[in-house]
Amino acid sequence: MSTPWWRGVPPAVARVSCDGREHQLRWAAGELQAPGHPDLGSERILSALAGQRFACLDALDAWSAHADDLRALVLASRGPADPVTVRPDEPGPTGWTGRTGRAALATMQRRRAAVSAVMGGGAGASGEPRDDLATLLSLGGPMQARLTATVAASWRERLRNGAAPADAAAAEAARPALYAALYGRVVATLRAWTGRPDLRVALTMIGESAQPALVRDGDGIAVELPFGWVSDVWARGLGTCWDRFGLAAAPAGDGWALSAVGPDLGPPAPIRISAPRPPNSHSPAGLRPGIPPSS
Amino acid sequence: MAQSDAELYLRLTGERALLDPAAEDGQRDDSPLSTAAHALVAVGALTAGAAQAIVDDYGLALAYRGGEHAHFRHVRARRAAHRAAPAPAPALGPLRAVPCHRLIEQPWGQLFLSYVVLSDEVTVLHVTMRPASAPPGQRGVRAHRSRVSRVGGQGPRGAGSRVVGPGLPRQLTVSDDQGTTSTASFSGSGSDDEWRGRFEARPPLAPDAAWIEMLGERIGLPSAPSAGVQARVEPLPDAGLAHRYLWARLASLAEFHSPDAMETSIGALVAAGALAADDPAIGQVRAVAGGLFQGSGAASGANAALPEPWRSMLARRGRASGPQGLAVAGVTTPPLDGVTLALLAVRSTDEWFCADVETVPGLPHWHWPHASGVVDRPLLAWWAADDRGHHYLGRQGEWHADEDRSGGQVEFWPALDPAARMLDIMPTTMTARAVIRVPLEWGEDG
């Protein structure tokens, strides 16, 4: 059985204003959950019958709708040096805490209406239809990283040998977007690793089962990686580890075996990564290097 | 080149913009992203819909990073609304332009009526006004741009209710020999010393009026049309699509003073396979760009090797010996790639000359934010040539526009050859050009 794509990506939490209360959205094991709504099925029926919108349910729907949306890979962060702060036009599903009394109730009601408008696709102040992908991105960096990982993993599956013909065709049509998504994240990682913001990078996107490689290319770097590098390595926070650039990651016991290249750009060497640290909602990945490289 | 390759090129341009955000404003027309998209769409390497979606996505990604999300969405919404509006009929009604050259003295100062344009829709009085307080030595001197203010026509507010300069009227009452009386509102720009602009009267005076009255004076309108004024539309000589695009783009980029954008266009066309990397046209374009955007490419002294019309234009750059005056034309072209243009008049000064034009449908000003980032925006280069073999290049100056109609001044450089007796104004698209021939019979211009 193949390793779940979400293994090694710790849970994350975002707060939303939902029906006048502060709720949590929790991402874990590849799924977004709304623990404030224990009986989702019934609440969905009530919501539909009463025409009432719940920000949490709308967020779940939006997440599902955008789980393979390549636009997420365009809009979201390329790495730690590229923070993306998205603020909805109106007060959004995050950010309010600590008020009481009548004023707080009024605020919550206003925000509830605003969140409903955001999630419901109504027109905003700009006159443009709402983009609920923007609302998902506004849930914060950790959720952004997990949305990126979700989308990348979805497309990685379509690129694998043996994918259904329709999936393979879709992946082929999406190849420019996939290559660009890989390129941006690889270049950002390499530039941060080398400390050279103008580093020239020649990227070849190889098949998912092909052997990745990284070599010096004049004053730049030539690197061959599969698109799956985004979900397997980058999304787990293993793009760089112990001053090495991570080419590939494979499960090893309760941790990971990372194939990585050192600063001398020599042949890749293995690094053993220990088990995930306790959940940390502020980090896109819970892995940490556990065993220093022996070389 | 497959469309997917063009898409990849454009997406990588977007990724590079994100990786180096200081070098990119994804919604500017000369940004690498917009420039590459425009080139790829123009040569058919990418559909406008696909390219626009990519440009918009990366534009939004850049806006998130720059904290300009709300502004981006506003610009994009305006653009979408503009696209969704039904296309107006490409027609410009008949108009009659009549030179007046009439100075009217008033207690508040002077009004010089250069010419009048009459049509079924609006009557426009092109004027220069100077307040009585302006020192005599200042009169006749064009306002310094650093001191220029503007006012736009906002509809009737009651005669004399507002002024534009020190004591200058914002509205006038005008009438004609057929019993029509209307109120004309001013829009234009100026300084403490002088305001130039137009009074627009709606409802209009009679298009065939024999005279008009304003400020207590009667002004005759001779019925004879301007002699020798002609307009036609002709196809451009056959040339490859990529070549036509490069030259048209170069002419339009003169607005931006952006040699990098030309290199981006070349790169996109080569990547798309629309242009061979060793195509001789690339070298010619670079040489012209070097002359056009001084400090890049070929030395400006190498003009002799440049192709026309660029050679003669660049050779005369910086000259300031143009004739001074106004030549009224009042001619409408046949449709040019869906746009009908009217040339109202040509004004010339020592350093430059300009054409007063109207267009249907409206053309946005190149500098307006909602007009930028449009991947299939038609290229329209404003060329001119005189009967002495000299060429000139223009760009939009003061401009007013909505979706249906636009107009304003197209400013040309270098200065007109004072010996020229005939001028062809040539708005040029990638496939055709209008040729509007104007005899240069100068009258006083304020």
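About the cut-offs
- Residues numbered from 1 in each chain as written.
- Chains lettered and ligands numbered in written order.
- Predicted model: local features only at pLDDT ≥ 70, side-chain atom pairs only at ≥ 80, totals over all residues.
- Helix = DSSP H or I, 4+ residues; strand = E, 2+ residues; numbered from the N terminus.
- Buried ≥ 20, exposed ≤ 12 C-beta atoms within 10 Å, placed from the backbone.
- Contact = placed C-beta atoms within 7 Å.
- Nonpolar A, V, L, I, M, F, W, Y, C, P; charged D, E, K, R; others polar.
- Expected span 1.5 Å × (residues − 1).
- Pairing = 2+ DSSP bridges.
- Axes fitted to C-alpha atoms, helices over the stretch in contact; angles between N-to-C directions.
- Domains from an automatic or database assignment.
- Parallel < 35°, antiparallel > 145°, perpendicular 65-115°, else oblique.
- Core = buried A, V, L, I, M, F, W, Y, C linked by C-beta atoms within 7 Å.
- pLDDT = per-residue confidence, 0-100.

**Q** So what's going on with the overall build of chain A? Which residues, and what values?
**A** Summing up its helical and strand segments, chain A has nine helices and eleven strands in all. Buried positions account for 42% of the 295 residues belonging to chain A. If you take every contact in chain A between residues at least 6 apart in sequence, the share linking residues at least 24 apart comes to 55%.

**Q** Provide a residue-level description of the overall build of chain B, including the pertinent values.
**A** A tally of regular secondary structure across chain B gives eight helices and 18 strands. Looking at chain B as a whole, 48% of its 446 residues are labelled buried.

**Q** An account of the interface of chain A and chain B is needed here, citing residue identities and associated values.
**A** With 20 residues of chain A at the contact, the number on the chain B side is 22 residues. No other element matches the nine residues that helix H8 (residues 175-194) of chain A contributes to the side of chain A that touches chain B. Split into classes, the residues belonging to the side of chain A that touches chain B amount to eleven nonpolar, three polar and six charged.

**Q** If you had to explain H8(A) to someone new, which residues and values would you point to?
**A** When the terminal C-alpha atoms of H8(A) are compared, their 28 Å separation across 20 residues agrees well with the 28 Å that a helix rising 1.5 Å per residue should span. Phi for A:Gly195, located one or two positions after H8(A), is positive at around 70°.

**Q** Explain the sheet that holds strand E1 (residues 12-18) of chain A to me, using residue names and the numbers behind them.
**A** Residues and elements named next belong to chain A. With antiparallel pairing, three strands are arranged side by side in an open sheet as E1-E2-E3. Edge positions in the sheet fall to E1 and strand E3 (31-33), since each of these pairs with one other strand and no more. On average, each strand axis in the sheet is tilted by 25° relative to the strand beside it, whichever way the strands run. Pairing of strand E2 (residues 21-28) with E3 involves three bridges; the strand directions are antiparallel. The residue bridging Trp 27 from the neighbouring strand is Leu 32, located in E3. Taken strand by strand, helix H2 (residues 55-65) contacts E1, E2 and E3, and its axis lies near 130° from that of E1.

**Q** I'd love a proper account of the pairing of strand E18 (residues 432-439) of chain B, names of residues and values included.
**A** Residue and element names in this part refer to chain B. Strand direction decides the pairing type here: strand E10 (residues 230-235) and E18, joined by six bridges, are antiparallel. Among the inter-strand pairings, Gln 230 is bridged to a residue of E18, identified as Arg 437. One ladder, built from five bridges, connects strand E17 (residues 422-428) with E18; its direction is antiparallel. Directly across from Leu 423, in E18, lies its bridge partner Val 438. In this antiparallel pair of consecutive strands, E17 and E18, the connection spans three residues.

**Q** Could you give an account of the sheet that holds strand E5 (residues 213-217) of chain A, with specific residues and numbers?
**A** The strands making up a sheet are joined through hydrogen bonds of the backbone, oriented either antiparallel or parallel. Residues and elements named next belong to chain A. The mixed open sheet is built from three strands, whose spatial order is E4-E6-E5. Whereas interior strands pair on both sides, the edge strands pair on one side only; in this sheet they are strand E4 (201-206) and E5. Each adjacent strand pair in this sheet contributes to an overall mean axis angle of 15°, direction not counted. Strand direction decides the pairing type here: E4 and strand E6 (residues 220-226), joined by six bridges, are parallel. Opposite Thr 204, over in E6, you have Glu 224 as the bridge partner. This element, H8, spans E4 and E6 of the sheet and lies at about 135° to E4.

**Q** I'd love a proper account of the domain arrangement of chain B, names of residues and values included.
**A** All names here are of chain B. If you check the domain split of chain B, you get domain 1 (95-220) and domain 2 (225-446). Each partner contributes residues to the interface: domain 1 has 13 residues there, and domain 2 has 15 residues. Contributing elements (two or more residues each) for the side of domain 1 that touches domain 2: strand E1 (95-106), strand E2 (109-119) and strand E3 (123-131). Per element, the largest residue contribution to the side of domain 1 that touches domain 2 is five residues, and it comes from E1.

**Q** Tell me what's going on with the packing of helix H2 (residues 32-42) of chain B against helix H3 (residues 48-66) of chain B, and back it up with residues and numbers.
**A** All names here are of chain B. In the contact formed by H2 and H3, the axes pass within 10 Å of each other and the chain directions differ by 175°. The orientation of H2 with respect to H3, classified from their angle, is roughly antiparallel. Residues Leu 33, Ser 34, Ala 37, Leu 40 and Val 41 of H2 lie in contact with H3, whose contacting residues are Ala 48, Ala 51, Ile 54, Val 55 and Tyr 58. Class assignment for the residues of the contact of H2 with H3 results in nine nonpolar, one polar and no charged.

**Q** Lay out the nonpolar core with the relevant residues and their values.
**A** Formed by 197 residues in total, the largest nonpolar core has its most connected members in A:Leu182, B:Ala37, B:Leu40, B:Val43, B:Ala272, B:Ala329 and B:Leu343. Excluding its chain neighbours within four sequence positions, the residues that come into contact with A:Leu182 are A:Leu203, A:Met205, A:Leu225, A:Phe227, A:Trp229 and A:Val230.

**Q** Please set out the packing of helix H6 (residues 259-271) of chain B against helix H7 (residues 280-292) of chain B residue by residue, giving values where relevant.
**A** Residue and element names in this part refer to chain B. For the pair H6 and H7, the least separation of the axes is 10 Å and the interaxial angle reads 170°. One element, H6, and the other, H7, form an angle in the roughly antiparallel class. Facing Pro 259, Met 262 and Ile 266 of H6, the residues of H7 in contact are Ile 282, Val 285 and Ala 289. Looking at the contact of H6 with H7 residue by residue, the classes come out as six nonpolar, no polar and no charged.

**Q** Describe the confidence of the model for chain A, and please don't skip the residues or the numbers.
**A** Residues and elements named next belong to chain A. Taken over all residues, the pLDDT of chain A has a mean of 81, while the share at 70 or more is 78%. Between the elements of chain A, mean pLDDT differs from a low of 33, seen in helix H4 (residues 101-120), to a high of 98, seen in E6. Overall, residues 90-127 carries pLDDT values under 50, and its contacts beyond four positions in sequence, including any with other chains, amount to 70 contacts. Low pLDDT, under 50, characterises residues 278-295; the predicted model gives this stretch 52 contacts beyond four residues in sequence or across chains.

**Q** Explain H6(B) residue by residue, including any values.
**A** Residues and elements named next belong to chain B. In this model, H6 (13 residues) spans 19 Å end to end at C-alpha, consistent with the 18 Å of a helix rising 1.5 Å per residue. Burial in H6 covers these residues: Pro 259, Ala 261, Met 262, Thr 264, Ser 265, Ile 266, Ala 268, Leu 269 and Ala 271. Following H6 by one or two positions, Gly 273 adopts a phi angle in the positive range, close to 80°.

**Q** So, the pairing of E5(A): which residues are in play, and what are the values?
**A** Side-chain positions along a regular strand alternate between the two faces of the sheet. Residue and element names in this part refer to chain A. Direction of pairing for E5 relative to E6: antiparallel, over a ladder of five bridges. Within E6, the position partnered with Ala 213 by the bridge is Glu 224. The hairpin formed by E5 and E6 contains two residues between the paired strands, and Gly 218 there has a positive phi angle of roughly 65°.

**Q** Would you mind going over unusual backbone geometry in detail, with residue names and values included?
**A** The omega torsion across B:Arg202 and B:Pro203 is 0°, close enough to zero to call that bond cis. In this structure, B:Pro203 sits in the loop between strand E7 (195-201) and strand E8 (211-214). The peptide bond linking B:Val360 to B:Pro361 adopts the cis configuration, its omega dihedral lying at 0°. Relative to the helices and strands, B:Pro361 is located in the loop between strand E13 (353-360) and strand E14 (381-386). One non-glycine residue with positive phi stands out, namely A:Asp243, at about 60°. When you line up the elements, A:Asp243 lands in the loop between strand E7 (240-241) and strand E8 (244-252). Owing to 11 C-beta atoms within 10 Å, A:Asp243 belongs among the exposed residues under this scheme.

**Q** Describe the environment of B:Phe199, with residues and values.
**A** Residue and element names in this part refer to chain B. Residue position: Phe 199 is located in strand E7. Assessed through the 26 C-beta atoms surrounding it within 10 Å, Phe 199 is described here as buried. C-alpha of Phe 199 to C-alpha of Arg 73: the two residues are 126 residues apart in sequence and 35 Å apart in space. In this view, Phe 199 contacts Leu 125, Val 127, Leu 172, Ala 184, Ser 185 and Phe 186; residues no more than four positions away in its chain are not counted.

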